[in-house]
Amino acid sequence: MTQWRNRIFCEDALSGMAQIPDGAIDLIIADPPYGLGKDYGNDSDKLDAEAYLQWTQAWINAALPKLKVTGSLYIFLTWRYSPEIFVMLKQQMTMANEIIWDRRVPSMGGGTRKYSSVHDTIGFFVNAKDYYFDLDAVRIAYDAVTKKARSRSIFIGAKWLELGYNPKDVWSVSRLHREHRERADHPTQKPLEIIERMLKASCPPGGIVFDPFMGSGTTAVAARRCGRDFVGFELNPVYCEMIEQRLAAIEAGSPETSLE
Ligand SMILES: C[S@@+](CC[C@H](N)C(=O)[O-])C[C@H]1O[C@@H](n2cnc3c(N)ncnc32)[C@H](O)[C@@H]1O
């Protein structure tokens, strides 16, 4: 069998997935083309609506058997096709959350016949009741002022007060700008902060995350930083090279991968 762990395959995910054994993956993070005609140096985002949804169903059918019974999936979508794709996934998994990623887009102009869209819709799906989920790894610490305000005796010793609260389903994280150190030259690169939260919550330490559409390799970089393994696919050879460079920078301890 091909060596597949900690590997980026520079090829089509749909045909390439056969190289990954069934039931081997702890977590799938999928950030597919959105069906909006974006330019990834290939025609992958140029399908019409019907072809796009057929292609989506095909890769979902190929990817889900790779998950362990305790496995989960996060999928990045936009409002345009999330309703149809959530219905597809609900045939095979249980939907745990719809997460809204508020990209903190500044207010400026935009269309005049509807509201400006400034979020991604992320679906969080799980395979079974006993899916892996480590809430303590992603709790958000209270600041001193809030903690003091909750100092009534009934709250003292409460786990949520000491360890922090459960992240809510609206994640407000800035999209990446040129000045962010982690920024690579990819049109839809995701922030490490988001991918690392998914990994820490939904992939055990030493476990393996599968990303069929690696882009600039954020999932692989995050996996390396969090002590998880990865496997992924990317069609565009320029992006494949970018991923190798980002991974090499981590091995070299480069501040380029710092979140500051
Ligand atoms: C939305 S982007 C992923 C961005 C990534 N999450 C990041 O943080 O950089 C989707 C990527 O999927 C790639 N892609 C599209 N179709 C593919 C396919 N069939 N197999 C593998 N990669 C594909 C595109 O070239 C593009 O880079």
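Residues numbered from 1 in each chain as written. Predicted model: local features only at pLDDT ≥ 70, side-chain atom pairs only at ≥ 80, totals over all residues.

A. Summary view of the sheet that holds strand 8 (residues 229-233). Read across the sheet, 8 strands follow the order 1-8-7-2-3-5-4-6 without closing on themselves; strand pairing throughout is mixed. With partners counted over all chains shown, the strands left at the sheet margins are strand 1 (7-9) and strand 6 (170-172), one partner each. For this sheet the average axis-to-axis angle between neighbouring strands, irrespective of direction, equals 20°. Relative to strand 7 (residues 208-211), strand 2 (residues 25-30) is paired through 2 bridges, and the arrangement is parallel. Paired with Leu27 across the strands is Val209, a residue of strand 7. On top of the sheet, helix 6 (residues 192-202) reaches strand 2, strand 3 (67-77), strand 4 (94-102), strand 6 and strand 7; it is set at about 155° to strand 2, its chief contact. (Pairing = 2+ DSSP bridges. Helix = DSSP H or I, 4+ residues; strand = E, 2+ residues; numbered from the N terminus. Axes fitted to C-alpha atoms, helices over the stretch in contact; angles between N-to-C directions. Contact = placed C-beta atoms within 7 Å.)

B. Quick peek at the packing of helix 6 against helix 7 (residues 218-226). Direction vectors running N to C along helix 6 and helix 7 enclose 60°, while the axes themselves pass 9 Å from each other. It follows that helix 6 is oblique to helix 7 by the angle criterion. For the element pair helix 6 and helix 7, the recorded crossing hand is right-handed. The segment helix 6 lies against helix 7, with Leu192, Ile195, Glu196, Leu199 and Lys200 engaging Thr218, Thr219, Val221, Ala222, Ala223, Arg225 and Cys226. (Parallel < 35°, antiparallel > 145°, perpendicular 65-115°, else oblique. Left-handed = near helix turned anticlockwise from the far one by under 90°.)

C. How the structure looks around the pairing of strand 4. Looking at chain direction, strand 4 and strand 5 (residues 119-126) are connected through 8 bridges and run antiparallel. Bridging from a neighbouring strand, Thr94 pairs with Val126 of strand 5. Of the strand pairs in this sheet, strand 4 and strand 6 are connected by 3 bridges, and their pairing is parallel. The residue of strand 6 that forms the bridge with Asp102 is Ser172.

D. Layout of the pairing of strand 3. Here strand 3 lies mainly inside the structure; 8 of its 11 residues are buried. Assessed by its sense of winding, the connection that carries the chain from strand 2 through helix 2 (residues 49-63) to strand 3 is right-handed. (Buried ≥ 20, exposed ≤ 12 C-beta atoms within 10 Å, placed from the backbone. Right-handed = clockwise from strand over helix to strand, strands pointing away.)

E. Spotlight on unusual backbone geometry. The backbone phi angle of Asn6 is positive, close to 55°, even though this residue is not glycine. For Asn6, a count of 15 C-beta atoms within 10 Å puts it in the partly exposed group. Positive phi outside glycine occurs at Arg104, with the angle close to 50°. With respect to the helices and strands, Arg104 occurs in the loop between strand 4 and strand 5.

F. How the structure looks around the environment of Ile195. Looking at where Ile195 falls in the secondary structure, it is placed in helix 6. For the pair formed by Ile195 and Thr218, sequence separation is 23 residues and the distance between their alpha carbons is 7.4 Å. Not counting chain neighbours up to four residues away, the residues in contact with Ile195 comprise Ile29, Lys190, Thr218, Thr219 and Ala222.

In short, the description is geometric, and any link to function would need to be established separately.
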